[in-house]
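# Notes for the structure review
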Amino acid sequence: MTTPETIKVIPARYPLRTVGAFVALFVLAIVVQSVAFNPRWEWHVFARWFFDPTILYGVGQTLLLTLLGTVLSVLIGGLLALARLSSSWLLSTLAWGYIWLFRSLPLIVVLIILYNFSYLYDTLTIGIPFTAISWGQFETINVLGQFSTAVVGLTLVQSAYTAEIIRGGFLGVDHGQYEAAAALGLPAWRRTLRIILPQALRTILPSGFNEIISLAKGTAMVYVLAMPELFYTIQMIYNRTQEVIPLLMVGAVWYLAITSVLSIIQYLVERALARSERRSAINAAPRVSRVSSPATHVTAQEPVHAHLS
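Residues numbered from 1 in each chain as written. Predicted model: local features only at pLDDT ≥ 70, side-chain atom pairs only at ≥ 80, totals over all residues. Heavy atoms only, no water.

With that out of the way, let us pick up the packing of aromatic side chains. Taken as a whole and judged by the stated rule, the model has 10 aromatic pairs. Taken together, the aromatic side chains of W41, W43, F46, F50, F51 and W254 make up a single cluster linked through ring pairs. The ring of Y14 carries the charged tip of R17 above its face, separated from the ring centre by 4.1 Å. (Phe/Tyr/Trp six-rings, centres within 6.5 Å; stacked < 30°, edge-to-face > 60°. Lys NZ or Arg CZ within 6 Å of the ring centre and 35° of its normal.)

Below, the structure written as structure tokens:
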């Protein structure tokens, strides 16, 4: 009786991959050494200002602008996306015009125009156009201050991008899902919220969080309004102390921290969404088997004899 030969398994080798890893580590070591041990970075100044109350107040303003801009742009962008998908040519055209305008204008231009809005219009009147009927009148200088101008400007621009992301998510859902949802006889708003939106979220979430991260960094543009958010606060401090590089590093690290937290939130939300989809698929399997099982117990029918005359 012959014994089978032992098969020797030799793992695959990737020499170029090993060389690439060593080169990457070598470059990383050079960068770390040049940054950590170069006295001109002035890390002691960085440490002194990083948790300064003035800096922390600027971080709080940046986070507040990001939160308000995100919530308002999602609400307005969702309405714009639904208007773009509407069968009404008027709604679709108006939404397209809004998106075209605010995607074309730089954020800094929108902020400066809004900040000088009181120069163009002394008052804001709520009423019926081309008539003398009005229900209220407000002085623009009291309505659009620094903070409100920043929120409105960020929302106007961001909602245009958010609308296209949401519209792309809805268009990514298979058309058969729309037909199946309509066949259930549910109202349009319920079909959208319960059936179409959960499927569209898989496409919306990655791009949506990318826009939120861009918004968090884009809040630095409101420095033109002399509003004390993070970047403007850092500018004011290094203009006084002339410690430019360490204070810019303070801002850079805070922006890194904010975007890192947003990236972690994105990862957790996507993982929770994927887990809920798997749970729904597992729960749906027994229902399918229960529906198909009675087919195996169908009793044979007796033959029917037809008399032909």
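So much for the structure itself; the text now carries on.
Below, the discussion takes up a nonpolar patch on the surface. Together, W96, W100, L101, L105, V109, I113, Y119, L120 and Y121 line one region of the surface with nonpolar side chains, adding up to about 970 Å² of accessible area. The leading source of residues in the nonpolar patch is helix α4 (residues 89-104), at 3 residues. One can find I113 in helix α5 (residues 107-115). The exposure class of I113 is partly exposed, given its relative accessible area of 45%. (Patch = residues over 30% accessible without salt bridge, like charges linked within 9 Å, V, L, I, M, F, W, Y side chains within 5 Å. Areas by Shrake-Rupley, 256 points an atom, 1.4 Å probe, with all protein chains shown as cover. Salt bridge = Lys/Arg side-chain N within 4 Å of Asp/Glu carboxyl O. Helix = DSSP H or I, 4+ residues; strand = E, 2+ residues; numbered from the N terminus. Buried < 20%, exposed > 50% of the residue type's maximum accessible area, 1.4 Å probe, protein only.)

Time to look at the nonpolar core. Core analysis: the largest hydrophobic core is formed by 21 residues, its most contacted members being L65, Y98, F102, A150, L154 and V222. When residues of this core are traced back to their parent elements, those giving at least two are α3 (53-84), α4, α5 and α8 (146-171). Look past the residues within four positions of F102 in its chain and what remains in contact with it is V110, L156, V157, A160 and Y161. Counting residues in hydrophobic clusters, the runner-up holds 15 residues, among them F50, V59, I237 and V250. (Core = buried A, V, L, I, M, F, W, Y, C linked by side-chain atoms within 4.5 Å. Contact = heavy atoms within 4.5 Å.)

Helix α11 (residues 230-241) packs onto α3 with a crossing angle of 155° between their chain directions and a minimal axis gap of 7 Å. As far as their axial angle goes, α11 and α3 are roughly antiparallel. Along the contact surface, α3 presents T54, I55, G58, V59 and T62, while α11 presents L230, T233, I234 and I237. Looking at the contact of α3 with α11, its residues break down into 5 nonpolar, 4 polar and no charged. (Axes fitted to C-alpha atoms, helices over the stretch in contact; angles between N-to-C directions. Parallel < 35°, antiparallel > 145°, perpendicular 65-115°, else oblique. Nonpolar A, V, L, I, M, F, W, Y, C, P; charged D, E, K, R; others polar.)

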